[in-house]
Amino acid sequence: MNFFKALFGGKEEKPEEKKKAEEEKNFDVLKYDGVRALRSGQADYAIRCFIHALGIKDDLEVRDYLSQACIRADMLPEAYEQLLKIAEAQPENQQVFVRMANVAYLMEDYTAMADACEKALLIDNGNAEATFLYAKACIGHGDTTNAVAMLTKAITLKPDYGEAYLLRGETRLKRGDTSDADEDAAYLVSKYPESEDALLLKARVEMAKGETGEAIAYYGKVIDANPFNAEAYRERGEARIAAGDETNGKDDLKHADELTVNQDDNGNGEDLEKKVNDAYKNVNPLGL
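Residues numbered from 1 in each chain as written. Predicted model: local features only at pLDDT ≥ 70, side-chain atom pairs only at ≥ 80, totals over all residues. Heavy atoms only, no water.

1. Digging into the overall build of the protein chain
On a plain count of helices and strands, the protein chain comes out with 16 helices and zero strands. Counting all 288 residues of the protein chain, 42% fall into the buried class. Residue pairs at least 24 apart in sequence account for 49% of intrachain contacts in the protein chain once pairs closer than 6 positions are excluded. Summed over its atoms, the accessible surface of the protein chain is roughly 15,700 Å², and 48% of this surface lies on carbon and sulfur atoms. (Helix = DSSP H or I, 4+ residues; strand = E, 2+ residues; numbered from the N terminus. Buried < 20%, exposed > 50% of the residue type's maximum accessible area, 1.4 Å probe, protein only. Contact = heavy atoms within 4.5 Å. Areas by Shrake-Rupley, 256 points an atom, 1.4 Å probe, with all protein chains shown as cover.)

2. So, the packing of helix α2 (residues 15–39) against helix α4 (residues 60–72)
At their nearest, the axes of α2 and α4 sit 11 Å apart, and the two run at 35 degrees to each other. As α2 packs across α4, the resulting crossing turns out to be left-handed. Where α2 abuts α4, its residues Phe27, Lys31, Val35, Leu38 and Arg39 lie against Glu61, Val62, Tyr65, Gln68, Ala69 and Arg72. Grouping the amino acids of the contact of α2 with α4 by side-chain chemistry returns six nonpolar, one polar and four charged. (Axes fitted to C-alpha atoms, helices over the stretch in contact; angles between N-to-C directions. Left-handed = near helix turned anticlockwise from the far one by under 90°. Nonpolar A, V, L, I, M, F, W, Y, C, P; charged D, E, K, R; others polar.)

3. Observations regarding the nonpolar core
Buried together is how nonpolar side chains tend to be arranged in soluble globular proteins. If you look at the biggest cluster of nonpolar residues, it comprises 75 residues, and the most contacted ones within it are Phe50, Met100, Val103, Phe132, Tyr134, Ala164 and Leu201. Setting aside anything within four residues of it in sequence, one finds Ala164 in contact with Phe132, Leu151, Ala154 and Ile155. (Core = buried A, V, L, I, M, F, W, Y, C linked by side-chain atoms within 4.5 Å.)

4. A word on the packing of aromatic side chains
Each aromatic ring pair is characterised by the separation of its centres together with the angle its planes make. Within the structure shown, the criterion is met by three aromatic pairs. Each ring, one from Phe50 and one from Tyr65, has its centre 5.8 Å from the other, and the planes form 15 degrees; the classification is stacked. On the criterion of sequence distance, the pair formed by Phe50 in helix α3 (residues 43–56) and Tyr65 in helix α4 is long-range, its members being 15 residues apart. The residues Phe50 and Tyr65 share a single accessibility class, namely buried. For the ring pair Tyr165 and Tyr187, a centre distance of 3.9 Å and an interplane angle of 25 degrees mean the geometry is stacked. Linking Tyr165 in helix α10 (residues 162–175) with Tyr187 in helix α11 (residues 178–191), this pair joins segments that are 22 residues apart in sequence. (Phe/Tyr/Trp six-rings, centres within 6.5 Å; stacked < 30°, edge-to-face > 60°.)

5. Thoughts on α10
Look at α10: 20 Å from first C-alpha to last across 14 residues, which is about the 20 Å you get at 1.5 Å a residue. In terms of burial, α10 is a largely internal element, 10 of the 14 residues being buried. Taken together, the buried residues of α10 touch α8 (128–140), α9 (144–157), α11 and α12 (196–208). (Expected span 1.5 Å × (residues − 1).)

6. Regarding the environment of Tyr105
Structurally, Tyr105 can be placed in helix α6 (residues 94–106). C-alpha of Tyr105 to C-alpha of Ala137: the two residues are 32 residues apart in sequence and 7.4 Å apart in space.

7. A few points about the pattern of salt bridges
For the structure shown, the criterion picks out 20 salt bridges. Ionic pairing is found between Glu61 and Lys31, a salt bridge with its closest N-O pair at 2.4 Å. Taken together, the positions of Glu61 in helix α4 and Lys31 in helix α2 put the pair 30 residues apart, joining distant regions of the chain. By relative accessible area, Lys31 is classed as buried at 7%. Across the pair Lys119 and Asp115 runs a salt bridge, and its minimum N-O distance is 3.3 Å. A residue pair is termed a helical-turn pair when its members lie 3 or 4 positions apart in one helix, as Lys119 and Asp115 do in helix α7 (residues 110–123) at four residues. Take Lys119: its relative accessible area is 37%, and that puts it in the partly exposed class. (Salt bridge = Lys/Arg side-chain N within 4 Å of Asp/Glu carboxyl O.)

8. What to know about the state of the cysteines
If you walk through the whole model with that rule in mind, you get zero disulfides. Take Cys138: it sits in no disulfide, and the sulfur closest to it among the cysteines is that of Cys117, at 8.5 Å. (Disulfide = S-S within 2.5 Å.)

9. Quick notes on the confidence of the model for the protein chain
Scored by pLDDT, the protein chain has a mean of 90; 87% of the residues are at 70 or more. Note that pLDDT drops below 50 for residues 269–274; the model gives that stretch six contacts with residues more than four away or on any other chain. When the criterion is pLDDT under 50, residues 276–288 qualifies, and its contacts beyond four places in sequence or with other chains add up to 37 contacts. (pLDDT = per-residue confidence, 0-100.)

This is the structure:
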């Protein structure tokens, strides 16, 4: 046997080499089983696969997948921890900090969110998304003045940033800056005439201006866009009663209550996955 190995250049595999090859094989199997599970919505199984894979070898790509799986399993601190480890290994990767900010937002940890945004903006202060997220962190801290300033900057960086216009308009309205809020609402309605969010903001601005008739008309447009918008029914009902139309106003309030009960019973409120998708729009720090 040894004669033929020598003759044909064969080489017996050493035990450590065999062990290493086996570990590499197991790592790949766990990694790709985890990816398949994640993509098919089996977050718990994906998490187990990725944790076992990391027990074999530290890998940033697997940590990224693990963070995604943890988010979907409502394990937000664990997701944040994985992203923190990626950030430590790649301190110049701006998208990691953007993802961290989004996860911190889901955790309602506005201090961690602001810190992540600051780090992202130190890498590139021209990033509109990081600026927008910083504004949301400011709102979380009750700092509406800086929030409006950051939203204005985000819009300057990205002139068609609809989400930033909407949040700035809502923030301005809450601050009592009705005229400025109306400018944002008017822009949004002209740009997105069928958006229920834009129409709802415009309706609320009209109410704040004392234009009850206009507000009622815009609430009607919100309901046309989404017949299941309980807020629009409730606020239109209040507006109708204020305008003296008590019968239709009470009907709206009753319908709003029915919609709210149905949504609660059917579990159609904002679930975590929708919140995650809205928050970070599938941001992937490693570009996967």
